[in-house]
Amino acid sequence: MIPGGGQPNMQQLLQQAQKMQQDLAQAQEELARTEVEGQAGGGLVKATVTGSGELRGLVIDPKAVDPGDTETLADLVVAAVQAANENAQQLQQEKLGTLTQGLGGMPGLPF
């Protein structure tokens, strides 16, 4: 309720909700286009993911390849992908944090 006993302007609230929803969709699209990197083994393995977490690339330095020890290489790949995903999550927080906070207090919205 608005101070003074008036009713909230529903049209204005709906417009604000629509704008927030559009801003959120735009931020999500931007995240899907933005790439971040993670690495392991001092840069021997590098993984590239989008801001939304989709794996886009994997670079393995030949020095990391030992046919007798594929387990270490697998561990480096997993660590690089995890590091890239952590960077993507941080980017998501930066891009979406303020938008989702604003939507969280509005009843009836799925956020």
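In case you missed it, the structure is sitting above this.
None of the values given here were measured: they were computed from a predicted structure. Residue indices follow the written sequence of each chain, beginning from 1 at its first position. Restriction of local features to residues with pLDDT of at least 70 applies here, the model being predicted, together with a cutoff of 80 or more for giving and counting side-chain atom pairs; totals for whole chains, interfaces and linings are based on all residues. Each side-chain value is worked out from all heavy atoms of the structure, with water and hydrogens disregarded.

Caption draft 1: Expanded view of the environment of Arg56. You can see Arg56 is positioned in strand E3 (residues 55-60). Classification of residues uses two cut-offs on accessible area relative to the type maximum, computed with a 1.4 Å probe and protein chains only: under 20% is buried, over 50% is exposed, and between them is partly exposed. Residue Arg56 is classed as partly exposed on the basis of its relative accessible area, which comes to 44%. Remark: the alpha-carbon pair of Arg56 and Glu35, spanning 21 residues in sequence, is separated by 8.1 Å. When near neighbours in sequence (up to four residues on either side) are disregarded, Arg56 contacts Ala32, Glu35, Thr48, Val49 and Thr50. Starting at the N terminus, helices and strands are each numbered in turn, a helix being any DSSP run of H or I of at least four residues and a strand any DSSP run of E of at least two. In this description, contact between two residues means that some pair of their heavy atoms is separated by no more than 4.5 Å.

Caption draft 2: The pairing of strand E1 (residues 35-40), seen in detail. Residues of E1 alternate between two faces, with Val36, Gly38 and Ala40 buried on one and Glu35, Glu37 and Gln39 left unburied on the opposite face. Where E1 lies against strand E2 (residues 45-50), 6 bridges are found, and the strand directions are antiparallel. Bridge assignment links Gly38 to a residue of E2, and that residue is Ala47. Any two strands with at least two DSSP bridges between them are considered paired. What sits between the antiparallel neighbours E1 and E2 is a turn of 4 residues, in which Gly41 has the positive phi angle 65°.

Caption draft 3: Expanded view of the pairing of E2. For E2, the tally of buried residues reaches 5 of 6 residues, placing the bulk of the element in the interior. As paired elements, E2 and E3 share 5 bridges and run antiparallel to each other. Across the sheet, residue Thr48 finds its bridge partner in E3, namely Gly57. Hairpin connection of E2 to E3: 4 residues between the antiparallel strands, including Gly53 at a positive phi of 95°.

Caption draft 4: Looking closely at the nonpolar core. Val36, Val45, Val49, Leu73, Leu76, Ala80 and Leu96 are the most contacted members of the largest nonpolar core, which has 17 residues in total. At the level of secondary structure, the elements contributing two or more residues to this core comprise helix H1 (10-33), E1, E2 and helix H2 (70-104). Considering each element in turn, this core owes the most residues, 8 residues, to H2. Non-local contacts of Ala80, meaning those with residues more than four positions away in its chain, are made with Gly38, Gln39, Ala40, Val45, Lys46 and Ala47. For our purposes a nonpolar core is just a set of buried Ala, Val, Leu, Ile, Met, Phe, Trp, Tyr and Cys residues, chained together by side-chain atoms within 4.5 Å.

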